[in-house]
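So the chains spell out like this:
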Amino acid sequence: MGGGVQSENGGMEGWLYLFTYNRLGYQVSRKRYFILKENLLSSFKNQPLNVVKEPNRSAIIDSSVRVNDNGRESINKKVFFIFTVYNASNQRDKLKLGASSSEEAAKWIRSLQDAAMKEPPNLLASPLPKKSSLRKGGSKRPDWVKFSFDWQSWIYSEAMTSDVIDHSPWQIFGCYNGLRMFKEANPRRGWGDIPVMMGVGVVDASSEAIFHTLMSLGPSRSEWDFCVYQGNVVDHIDGHSDIIHLQMYNDFLPWGIKPRDMLLRRYWRREDDGTYVILLHSVHHKKCPQNSNFVRASLKSGGYVVTPVNKGKQSVVKHMLAIDWKLWKLYLRPTASRSLTIRMLERIAALREMFKSKGEGESVENIAADIGIPATPANEKEDNEVKTGDNSSKKVVDLMEVEDDAPKEGTRRTSLVGLHESADEFFDVPEPIDQDHLDNDWQFDNQTSQSPFHPKLPTPAGLVKKLQGLAVQKKGYMEIPEVALETDEPAYGTTLQKDLTCDSPCSWAESDPSLYLIRGPTYLSDNQKVKAIGSLMQLVGVDWLRSGVREDNLSSRPNSIVQKYAAAGGSEFFFVINIQLPGNPLYSAALYYMMRTPLEDNYLLHNFVEGDDAYRNSRFKLIPYISKGSWVVKQSVGKKACLLGQALEVKYIRGKNYLELDINVGSSTVARGVVNLVLGYLNNLVIEMAFLIQGNTQEELPEILIGTCRLNHLDSSKAFMVKQ
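Residues numbered from 1 in each chain as written. Predicted model: local features only at pLDDT ≥ 70, side-chain atom pairs only at ≥ 80, totals over all residues. Heavy atoms only, no water.

Taken across its seven residues, strand β11 (residues 197-203) has six buried, putting it largely inside the fold. Of the pairings in the sheet, the one linking strand β10 (residues 179-184) to β11 comprises four bridges and is antiparallel in character. When the sheet's bridge partners are listed, phenylalanine 182 is paired in β11 with methionine 198. Sheet topology note: the β11/strand β18 (residues 314-324) ladder contains seven bridges and is antiparallel. Bridged to glycine 199 within β18 is histidine 319. (Buried < 20%, exposed > 50% of the residue type's maximum accessible area, 1.4 Å probe, protein only. Helix = DSSP H or I, 4+ residues; strand = E, 2+ residues; numbered from the N terminus. Pairing = 2+ DSSP bridges.)

Here it is as structure tokens:
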């Protein structure tokens, strides 16, 4: 399939695969040529040769449907990079689209994002048509489809630069085979003899080609990876996560040492600038018990960051490792562990030489074969089908061919589901439940340091102590039961203790505003950000809750601090941010900000509080920062500003003296994966956040923070259990 082409006006066009279900309930993939122009997404059976050709289907893109990046998915023995476009108010109104590469999928998502932020031209002046769907025949009139979306990291980043002032934790200690080698500048307690090191090199290849090379476990891996001789995927979690098993050569181990293997959870994502992040850590899994012929090494923290440079012709590859090699002979420590880890990092030099020795195109083709990506020609027009049994598959194809030739009426501007062709719709067979929309599937492991694999790690460098048991019970992960506090209805806003010294575990404090960079007074002309000075509101309370259901509208509950101030007749106004984490049970971190000055004194905040949800979604911004934590967590969360309302479902509740934002982190597939990772490290993390309203005009600049927060070493077992 040919890659998408971006136009100068931010539009996009190219071939995509459209996945749907026919009347018999079989999933089929149809190749269609899509054109995104301004706010109109149109599909064609063939590439249009002129601009006047009428599309088969079209839909208007606006601000309240979401796009889920579903990652890699194997369909009909082919690997696609899937993204789903769906209406937030009607989850059945959706499109499942696939591209042949992650870069192509990212371009489409980015273009849809830009279209969603624009006002539809010449539409607001006319009456809005009645909504309908072509699933049941549909309407020929255009439907008003609102659109927002979820980017590849679980947040929408306004820029790929950091919005937090932070010092590098790395210090160079040498150069090996043309790679710069770094170690932690300040070694943390709890790691023992485990070295924490990173190798950095430049590879003459695109970031996507390198990403496919690193992800491949097929024969092409033997061309550069001299440490791993065999690998396989044990379990597939979702399009961004899987479990892999690696068996290693023993010729680079000290004499008399058994071969090593590793069982890893692998998570990946693509950033807006083309950077790929691959995170790895050791886990336990029932499908891959330990083999007596191997000693299972423990990867405490590791992964790759591949950043494109020189207009994408080259890439900077960072490879970080912290491995416990399980060397029982004391005289081999720590020099052997250090030398073995350096040897592993030197694989980047082999990767560099491999790309030098042959063209990038040849490498990508071989790697694509390893992971099953189809080498489909750009002008392919046939439909593909998921085959489920002998002749039934052929009957479905014949049926689709007959129906697809049926005459179509003129251009139809419809809801998203209307972009499916009516011949493909079915009525009697229910759609299978999409795993991406399950809410309460995640159960987190809080394995303690009593495990022989995990010494007590009191500092962030050792946060990986829990990762071997991290993940979902239904996927085969180890689960450790927790004990939660359960009493009567709590005084909401007081369930987490305050500690200004930041020494107490499971406590909160306000973060230093000067850590964060916000839009300055000249941002519109020079894109310069400045240090934040102070905040509008004061953080007066934090809740850390656990419940079997979503806990919405905490501010309205009679025993909340919001209602206590309201009963006293004061003029205080509360801004409550309720971050709802997915899992079974569900967790909520609720932050209570208060101001005593009149709301009208701040123009931007007043407009936000009194505005509609579309305005709020386009303005509410978070800057996350893991100030203490492992490399894996810091890479997964990032330090970039993001518009939460454009990435996650946010419910806004306006009360007499408050505005509460109930943020459903589980509404994003990728966000659930990040939360799954973070919860495994939670006890040893220090999480800092800043919230603000984005300024888009000169009158709204410079920006000012609503408030900040610092959460110290939260413990899921100490979350307050809310009775149902």
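So much for the structure itself; the text now carries on.
All chains considered together, the criterion is met by five cavities of 30 Å³ or more. The volume enclosed by the second largest cavity comes to roughly 140 Å³. Lining of the second largest cavity is provided by 15 residues; of these, Arg221, Leu246, Leu264, Leu280 and Tyr304 occupy positions nearest its centre. Among the secondary structure elements, those contributing two or more residues to the lining of the second largest cavity are β13 (241-248), β14 (260-270), β15 (276-282) and β17 (298-309). In terms of residue count, the dominant contributor to the lining of the second largest cavity is β14 (three residues). Here the lining of the second largest cavity is built from residues that sort into 12 nonpolar, no polar and three charged. (1 Å grid on protein atoms, 1.4 Å probe; cavity = no way out; pocket = protein on both sides within 12 Å on 5 of 7 lines; lining within 4 Å. Points joined across faces, edges and corners; volume = space filled by probe spheres on them. Nonpolar A, V, L, I, M, F, W, Y, C, P; charged D, E, K, R; others polar.)

A word on the environment of histidine 240. For histidine 240, the position within the fold is in the loop between β12 (228-238) and β13. Placed 167 residues apart in sequence, histidine 240 and glutamate 73 show a C-alpha to C-alpha distance of 9.3 Å. Excluding anything up to four places from it in sequence, histidine 240 contacts Asp69, Asn70, Gly71, Arg266, Tyr267, Trp268, Arg269 and Val670. At 2.9 Å, the side chain of histidine 240 forms a polar contact with the side chain of aspartate 69. Here tryptophan 268 takes part through its backbone oxygen, which lies 2.8 Å from a polar atom of the side chain of histidine 240. (Contact = heavy atoms within 4.5 Å. Polar contact = N/O pair within 3.5 Å; in protein donor to acceptor, adjacent residues only side chain to side chain.)

Now for the environment of alanine 671. Inspection of the secondary structure assignment puts alanine 671 in helix α12 (residues 669-681). For alanine 671, a relative accessible area of 0% corresponds to the buried category. Sequence spacing of alanine 671 and leucine 581 is 90 residues, and the spatial spacing of their C-alpha atoms is 9.3 Å.

Moving on, we get to helix α9 (residues 603-610). Turning to α9, its buried residues are Leu604, Leu605, Phe608 and Val609. Seen end-on, α9 carries its buried residues on one side only, within an arc spanning 130°. (Arc of directions from axis to C-beta.)

Turning our eyes to something else, we now look at the pairing of β12. In the sheet, β12 pairs with β13 via eight bridges, with the strands oriented antiparallel. Looking across to β13, one finds that valine 228 is bridged to methionine 248. Hairpin connection, β12 to β13: the antiparallel pair is bridged by two residues.

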